[in-house]
Amino acid sequence: MTSNVRYTPPPPPAFLFDLDGTLIDSVYQHVIAWRMALAGLGIDLSVWRVHRRIGMSGGLFVSALLRETGRSLSGAQIEELQAAHTAEYLSRADSVTALPGATELLATLTERGIRWAIATSGLAASARPALKLLGLPDDAPLVTRDMVEHAKPDPDLFLAAAALLEIEPRYAMVVGDSVWDLLAARRAGSLGIGLLSGGYGREELERAGAYRVYSDPADLLSRIYEVGVRGLDG
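Residues numbered from 1 in each chain as written. Predicted model: local features only at pLDDT ≥ 70, side-chain atom pairs only at ≥ 80, totals over all residues. Heavy atoms only, no water.

1. A word on helix 9 (residues 179-188)
Extensive coverage of helix 9 is indicated by the burial of 7 of its 10 residues. All of the buried residues in helix 9 are Val 179, Trp 180, Asp 181, Leu 182, Ala 184, Ala 185 and Ala 188. On its buried face, helix 9 sits against helix 8 (156-164), strand 6 (172-176), strand 7 (191-195), helix 10 (202-208) and strand 8 (210-214). Looking one or two places after helix 9, you find Gly 189, whose phi comes out positive at around 85°. (Buried < 20%, exposed > 50% of the residue type's maximum accessible area, 1.4 Å probe, protein only. Helix = DSSP H or I, 4+ residues; strand = E, 2+ residues; numbered from the N terminus. Contact = heavy atoms within 4.5 Å.)

If you want it as structure tokens, here you go:
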């Protein structure tokens, strides 16, 4: 003899997206911008070393790279370096484009009433211009480094994005392209989805906590049913 068990069903899943390398094709512009900014202070680093740290907060990024070089900078010099990076990146912003499927993915989620937000370690000055690339209004749900105490790999950005959507982080899926995104997702208590569009490999993303890995937003949209979203697979 069987009977139905009463329980409270979970809400529909929500998505918390990283920005650079996840929705927009900007990772290498950031890499070159950081390399140029570092060179301005006489610090010469290979591009691959810079790339491995992209996605971290600016402060942690600088600290990690300085440990590799044995250099030290004052607080004023670190602020100068971060400002130089922003200026260098904005000078290359014309070459940044939306990643394949990014605009369609966000539009489809919106159309179907599935909540989403963007959470980026970048400052508002470099992140807000991306909204136009994605066909989004100025008031699109966006959390930037300026709005939280700590950035990735701390969970603050994703916790803040979940709060912005008025949801619990455990009901959200974080979509990111770097190990720092996925480490932050785990600490926030959210499931992680990895994208290869930022230059990290599948195994690296899976080791950091990604339970699914896709090539880019278009690939994710085409197989959205695999992450437990119903009614979006055509």
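2. Observations concerning the side chain of Thr 86
Along the chain, Thr 86 falls in helix 4 (residues 75-91). Ignoring sequence-local partners within four residues, the contact set of Thr 86 consists of Leu 123 and Ala 125.

3. Description of the packing of aromatic side chains
The full count for this structure, using the stated rule, is 1 aromatic pair. For the ring pair Phe 15 and Phe 17, a centre distance of 5.8 Å and an interplane angle of 15° mean the geometry is stacked. Phe 15 sits in the buried class, given a relative accessible area of 0%. The class for Phe 17 is buried, based on a relative accessible area of 1%. (Phe/Tyr/Trp six-rings, centres within 6.5 Å; stacked < 30°, edge-to-face > 60°.)

4. Topic: the pairing of strand 7
The buried fraction of strand 7 amounts to 4 of the 5 residues, a majority that puts the element mostly inside the structure. Where strand 6 meets strand 7, 4 bridges bridge the pair, whose relative direction is parallel. If you follow Val 175 over to strand 7, its bridge partner there is Ile 193. Read from strand 6 through helix 9 to strand 7, the crossover connection turns out right-handed. Here strand 7 runs beside strand 8; their pairing, made up of 4 bridges, is parallel. When the bridges of strand 8 are listed, Gly 194 appears paired with Val 213. (Pairing = 2+ DSSP bridges. Right-handed = clockwise from strand over helix to strand, strands pointing away.)

5. What to know about the sheet that holds strand 6
Strand order across the open sheet formed by 6 strands is 5-4-1-6-7-8, with parallel pairing between neighbours. The open sheet has two free edges, formed respectively by strand 5 (142-143) and strand 8, since each of these has just one partner strand. In this sheet, strand 6 lies alongside strand 1 (residues 14-17) in parallel orientation, the contact comprising 4 bridges. By the bridge assignment for strand 6, Phe 15 is matched with Met 173. Packed on one face of the sheet, helix 5 (residues 102-111) meets strand 1 and strand 4 (116-119) and runs near 150° to strand 1. (Axes fitted to C-alpha atoms, helices over the stretch in contact; angles between N-to-C directions.)

6. Some thoughts on the pattern of salt bridges
As enumerated under the stated definition, the model contains 9 salt bridges in all. The salt bridge partner of Arg 187 is Asp 154, with a shortest N-O separation of 3.4 Å. Placement of Arg 187 in helix 9 and of Asp 154 in the loop between strand 5 and helix 8 is noted, with a sequence separation of 33 residues between them. Taking relative accessible area as the criterion, Asp 154 reaches 19% and is therefore assigned buried. Connected through shared salt-bridge partners, Asp 18, Lys 152 and Asp 181 make up one network. (Salt bridge = Lys/Arg side-chain N within 4 Å of Asp/Glu carboxyl O.)

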